[in-house]
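# Coordinate inspection notes
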Amino acid sequence: DAGVTQSPTHLIKTRGQQVTLRCSPKSGHDTVSWYQQALGQGPQFIFQYYEEEERQRGNFPDRFSGHQFPNYSSELNVNALLLGDSALYLCASSLEGRLYYGYTFGSGTRLTVV
Amino acid sequence: RKEVEQDPGPFNVPEGATVAFNCTYSNSASQSFFWYRQDCRKEPKLLMSVYSSGNEDGRFTAQLNRASQYISLLIRDSKLSDSATYLCVVSRTFSGGYNKLIFGAGTRLAVHP
């Protein structure tokens, strides 16, 4: 079963550095959403990509940017890392118009900023 | 106020107990409703969708009250393997036609022998 694949699984970065996280959606899915989950909290919406365009973003600064490729895979970039960016970053894929079936999540990238 | 609010937990229950989780949502435009389960340091996984008429899946029963903007999850005959965080999730469509999932903070369940 080709579920959602995220890489890397763990990452340690220094404040001020930049990071790129990658996501391959579940086979047949065309929409990718990114979430940030801090310890003890629910996932917070960062942005969503469909047809290679960012459709909407949550309450995150411009340091967070992304991209979707023609094969539906996606990247999340974070510039000028802050200690507060330490979190689990989740990629979720879905099929446009089929939200009723929910999202499929990848296992996440655990980012630690030191 | 958060858009999705859940019981803070943790719930510590013995095996075999029945436990109920409650959730309220603030936006009446919310369209679809879900319960997700998240194990420690793992990704959320869809437990069940919640239908307007209520629905059951084995030991799990979900209820939705649109008028009160209230969602519940009942787990009967709790198992040790039910220990996890349960996330209440709603979705709605925004201008431009896209929709997104909005998560509660989760309620932690610990089932003990």
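The rules behind each value
Note that residues are indexed from 1 along each chain, following the sequence as it is written. Whichever chain is written first becomes A and whichever ligand is written first becomes 1, with later ones labelled in order. Restriction of local features to residues with pLDDT of at least 70 applies here, the model being predicted, together with a cutoff of 80 or more for giving and counting side-chain atom pairs; totals for whole chains, interfaces and linings are based on all residues. Side-chain calculation: all heavy atoms of the structure are included, whereas hydrogens and water are not. In this description, strands pair whenever DSSP reports at least two bridges between them. Comment: elements are numbered from the N terminus, with helices defined as DSSP H or I runs of at least four residues and strands as E runs of at least two. Helix axes are fitted to C-alpha atoms over the stretch in contact, other axes to C-alpha atoms as well, and angles between N-to-C directions run from 0 to 180 degrees. The aromatic pairing rule takes the rings of Phe, Tyr and Trp, using the six-membered ring of Trp, and pairs them if the centres are within 6.5 Å, calling planes under 30 degrees apart stacked, those over 60 edge-to-face and the rest tilted. Remark: exposure states derive from per-residue accessible area (1.4 Å probe, protein chains only) relative to the maximum for the residue type, with buried under 20%, exposed over 50%, and partly exposed in between. Whether two residues touch is decided by their heavy atoms; if any such pair falls within 4.5 Å, the residues are in contact. One side-chain nitrogen of Lys or Arg within 4 Å of one carboxyl oxygen of Asp or Glu is enough to make a salt bridge. Any pair of N or O atoms that falls within 3.5 Å is considered a polar contact. Within protein, one atom must be able to donate a hydrogen and the other to accept it, and sequence-neighbouring residues count only if both atoms are side-chain atoms. Gly falls in the polar group here, along with every residue not listed as nonpolar (Ala, Val, Leu, Ile, Met, Phe, Trp, Tyr, Cys, Pro) or charged (Asp, Glu, Lys, Arg). Using a 1 Å grid laid over the protein atoms alone, points where a 1.4 Å probe fits but cannot get out form a cavity; open sets with protein on both sides within 12 Å along at least 5 of 7 lines form a pocket; any residue with an atom within 4 Å of a point counts as lining. Grid points are joined across faces, edges and corners, and a volume is the space filled by probe spheres set on the points. Only buried residues count toward a nonpolar core. Its members are Ala, Val, Leu, Ile, Met, Phe, Trp, Tyr and Cys residues joined through side-chain atoms within 4.5 Å.

### What about the sheet that holds strand β7 (residues 64-68) of chain A?
All names here are of chain A. The strand order β1-β3-β8-β7 describes an open sheet built from 4 strands, whose pairing is antiparallel. The two strands at the open ends of the sheet, each matched to only one other strand, are β1 (5-7) and β7. Strand-to-strand twist in this sheet, taken as the mean axis angle between neighbours without regard to direction, amounts to 15°. Bridge count between β7 and strand β8 (residues 74-78): 5 bridges; the pairing is antiparallel. If you follow F64 over to β8, its bridge partner there is V78.

### A look at the packing of aromatic side chains
If you walk through the whole model with that rule in mind, you get 13 aromatic pairs over all chains. Between the aromatic rings of B:Y25 and B:F33, the centroid separation amounts to 4.9 Å while the plane-to-plane angle is 45°, which identifies the pairing as tilted. For the pair formed by B:Y25 and B:F33, the shared burial category is buried. Through successive ring pairs, a cluster of aromatic residues spans A:Y35, A:F45, A:F105, B:F34, B:Y36 and B:F103.

### Side note on the interface of chain A and chain B
Interface size, as often reported, equals the accessible area lost upon joining of the parts. Taken residue by residue, the interface counts 22 residues in chain A and 21 residues in chain B. Between the two partners, chain A and chain B, sit 0 salt bridges. Connecting chain A to chain B are 5 residue pairs in polar contact (both at pLDDT 80 or more). For the side of chain A that touches chain B, the secondary structure elements donating two or more residues are β4 (31-37), β5 (44-50), β6 (53-57) and β9 (87-94) of chain A. Partitioning the side of chain A that touches chain B into residue classes produces 10 nonpolar, 9 polar and 3 charged.

### Focus: the pairing of β9(A)
As a general feature of sheets, a regular strand has side chains that alternate between the two faces. Residue and element names in this part refer to chain A. By the criterion of burial, β9 is predominantly enclosed, with 8 of the 8 residues buried. Where burial is concerned, the two faces of β9 agree: the one with A87, Y89, C91 and S93 and the one with L88, L90, A92 and S94 are both buried. The pairing of β4 with β9 spans 7 bridges and is antiparallel. The residue of β9 that forms the bridge with Y35 is L90. In this sheet, strand β11 (residues 109-113) lies alongside β9 in antiparallel orientation, the contact comprising 3 bridges. Of the residues in β11, the one forming a bridge with L88 is R110.

### What to know about the layout of surface pockets
Taken as a whole, the largest pocket holds about 540 Å³ of empty space. Lining the largest pocket are 23 residues, and of these A:Q37, A:L39, A:G40, A:Q41 and B:T85 lie nearest its centre. For the lining of the largest pocket, the elements supplying multiple residues, two or more each, are β9 of chain A together with β9 (84-93) and β11 (107-112) of chain B. Residues of the lining of the largest pocket, tallied by class, amount to 9 nonpolar, 9 polar and 5 charged.

### Quick notes on the nonpolar core
B:W35, B:Y36 and B:I71 are the most contacted members of the largest nonpolar core, which totals 39 residues. Ranked by residue count, the leading element in this core is β9(B), at 6 residues. Residue contacts for B:I71: discarding those within four places in its chain leaves B:F21, B:N22, B:C23, B:Y25, B:F33, B:W35, B:V50, B:Q63, B:L64, B:C88 and B:V90. Judged by nonpolar contacts, the second largest core, of 20 residues, contains A:V4, A:L76, A:V78 and A:L111.

### Considerations on the sheet that holds strand β7 (residues 60-65) of chain B
Residue and element names in this part refer to chain B. Taking strand neighbours across the sheet as the criterion, the 5 strands line up as β1-β3-β8-β7-β6 in an open arrangement whose pairing is antiparallel. A single partner strand is all that each edge strand has here, and the edge strands are β1 (4-6) and β6 (55-57). Taken pair by pair, the neighbouring strands of this sheet meet at an average axis angle of 20°, ignoring direction. Bridge count between β1 and strand β3 (residues 19-25): 3 bridges; the pairing is antiparallel. Looking at β3, one finds that Q6 is bridged to C23.

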